[in-house]
Amino acid sequence: MIVYVNNRPCDLTDGCDIAAALHTLGIPAQNGTAIAVNSDVIPRPHWPTHTLRDNDKVMIIKATQGG
């Protein structure tokens, strides 16, 4: 299936959850990372159980330090 991660198409296996997608894409699930799927924020505890679907739009946002 194709999902769009930060507007880039990514090919993932059917039934992939957010945690598995992050692992497959080599994106560390570190503190300060937020995930939204189709504009809905998904809390971190739900990442392993939130199944992605074909054509989902996934936005990954990482907090940065600054002043």
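The structure this text deals with has already been given above.
One numbering rule holds for all chains: residues counted from 1, following each sequence as written. Where local features are concerned, this predicted model is filtered to residues with pLDDT of at least 70; where side-chain atom pairs are given and counted, the filter is 80 or more; whole-chain, interface and lining totals use all residues. Note: side-chain values were computed over all heavy atoms of the structure, leaving out hydrogens and water.

A word on the overall build of the chain
1) Next: Along the chain, the regular secondary structure elements total one helix and five strands.
2) Next: Helix and strand assignments come from DSSP, with helices taken as H or I runs of at least 4 residues and strands as E runs of at least 2, each series counted from the N terminus. When the elements of the chain are put in sequence order from the N terminus, they spell out β-β-α-β-β-β.
3) Next: Each radius of gyration reported is based on C-alpha atoms, and the globular scaling rule is 2.2 Å times the count of residues to the power 0.38. Relative to the globule expectation of 11 Å for 67 residues, the C-alpha radius of gyration of the chain, 12 Å, shows essentially globular dimensions.
4) Next: Accessibility here uses a 1.4 Å probe with only protein chains present; expressed as a share of the type maximum, an area under 20% marks a residue as buried, one over 50% as exposed, and anything in between as partly exposed. When each of the 67 residues of the chain is scored for burial, the buried share is 30%.
5) Next: The protein chains shown are the only cover counted for residues, whose accessible areas, like all others here, come from Shrake-Rupley with a 1.4 Å probe. For the chain, the accessible surface area stands at approximately 4600 Å², while carbon and sulfur atoms represent 52% of it.
6) Next: Counting 5 positive and 6 negative side-chain charges, the chain places the averaged centre of each group 9 Å from the other. For this count, His and the chain ends are skipped, Lys and Arg are scored as positive, and Asp and Glu as negative. In this description, the location of a charge corresponds to atom NZ of lysine, CZ of arginine, CG of aspartate or CD of glutamate.

Here's the deal with empty space enclosed by the protein
1) Next: Think of a 1 Å grid over the protein atoms and nothing else: a 1.4 Å probe that fits but is trapped marks a cavity, an open set flanked by protein within 12 Å on at least five of seven lines marks a pocket, and residues with an atom within 4 Å of a point count as lining. Grid points are joined across faces, edges and corners, and a volume is the space filled by probe spheres set on the points. Going through the model one piece at a time under the given rule, you end up with one cavity of 30 Å³ or more.
2) Next: In this model, the largest cavity occupies a volume close to 50 Å³.
3) Next: Every residue lining the largest cavity is listed: V5, L12, I18, A21, L22, L25, L52, V58 and I60.
4) Next: When residues of the lining of the largest cavity are traced back to their parent elements, those giving at least two are α1 (18-25) and β5 (57-62).
5) Next: Sorting elements by how many residues they give to the lining of the largest cavity places α1 first, with four residues.

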